[in-house]
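# Fold and contact review
Here is what each chain is made of, one letter per residue.
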Amino acid sequence: MSAASKGTGAVVWADGAFTTLEDCRISPLDRGFQYGDGLFETMRAEKGRILFLSRHVERLLRSMTSLRLGTANLPDWDSVLPELLLRNGLGRQTTAVKIMVTRGPSEGLGMPPTDAPFFLITARPYREPSEMTYSEGWRLAVHRGGFSPPLAMHKSLNYLFYLMARQSALDNGADEAVILDASGFVAETAAGSLLIGAEGKWWVPDSPYQLPGITIEAVCGEMGNIGRHVERRPTRPADLLRAETIYVLNSLMLVMPVRSVDGRTLPRPDPAFAALLRERLLR
């Protein structure tokens, strides 16, 4: 059993060096801790190979530049990530790898530029949903207790709104929350992108307040390879109720069918096609 599996002695990469989770130290003045001033990426690794690594890194670097975190002090991804998996005994199993970067300690107002952002990279075993869960699909609930935050296009450490939305869905007997933007259009879910199908057409909700999804981008490419065009279009909650097939996508579970939205059962959840897409992504 790996150290990461046992939860003790797990190895992390922090501030330029490998160390154990127990010995890892982060300043209490770090702005990631103080304000959620930072970013993260969660990636899936299969037998030591991280899926879509370059796309995750590109998204992270875009957000670092936009939020004035700079791009100094970057890890050598090609050496650090495989070594992290190896040191945790995770080179031959499905793994969740998480990159976190913060502005570090700073007393400046606003978002003071930094030449030395703080990096923390962790790895843990990932147990994907059961075959029964993939077959039955998730129940979605439209969250009406708030809207996508202005930083929705960045994978910010300030994630509390999405956790609140997910908890509201769980409290109401659903599995995941649909997030709306301030104009009332569908943006995404609390933890993933949406792919919607009806009457032979497929689309992704279009909103300026959503994360540019890595998995949805890859799936749209796979859909094109098999002759199914996917467009982007503004989507109202009522459009979800008229949909035939909906999938939730993220980097860990990949493609999850949806069986209902706000209690309305979808006519064609199509878990077999979702399984086909997952298989193509894993190749």
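Everything below is about the structure shown above.
These numbers were taken from a predicted model, which means no experiment stands behind them.

Further remarks concern the layout of surface pockets. Roughly 1100 Å³ of volume is contained in the largest pocket. Residue lining of the largest pocket: 48 residues in total, with F40, T42, K155, Y159 and A191 positioned closest to the centre. In terms of residue count, the dominant contributor to the lining of the largest pocket is helix α6 (residues 160-171) (four residues). Counted by class, the lining of the largest pocket contains 27 nonpolar, 13 polar and eight charged residues.

Glancing now at the packing of aromatic side chains. Centre-to-centre distance and the angle between the planes together describe a pair of aromatic rings. For the structure on display, the rule yields seven aromatic pairs. Between the aromatic rings of F40 and Y159, the centroid separation amounts to 5.4 Å while the plane-to-plane angle is 85°, which identifies the pairing as edge-to-face. Separated by 119 residues along the polypeptide, F40 in strand β3 (residues 38-46) and Y159 in the loop between β7 (138-142) and α6 bring together distant segments of the chain. Members of the aromatic cluster, connected to one another through ring pairs, are F40, Y159, F161 and Y162. Of note, K98 hangs over the ring of F40, and the distance from its end group to the ring centre comes to 4.8 Å.

Phi at D15 takes a positive value of approximately 55°, unusual for a residue other than glycine. Residue placement: D15 occurs in the loop between β1 (11-14) and β2 (17-20). The phi dihedral of K47 falls on the positive side, at around 50°, and the residue is not glycine. Following the sequence through the fold, K47 ends up in the loop between β3 and β4 (49-50).

Rules used throughout
Residues numbered from 1 in each chain as written. Predicted model: local features only at pLDDT ≥ 70, side-chain atom pairs only at ≥ 80, totals over all residues. Heavy atoms only, no water. 1 Å grid on protein atoms, 1.4 Å probe; cavity = no way out; pocket = protein on both sides within 12 Å on 5 of 7 lines; lining within 4 Å. Points joined across faces, edges and corners; volume = space filled by probe spheres on them. Helix = DSSP H or I, 4+ residues; strand = E, 2+ residues; numbered from the N terminus. Nonpolar A, V, L, I, M, F, W, Y, C, P; charged D, E, K, R; others polar. Phe/Tyr/Trp six-rings, centres within 6.5 Å; stacked < 30°, edge-to-face > 60°. Lys NZ or Arg CZ within 6 Å of the ring centre and 35° of its normal.

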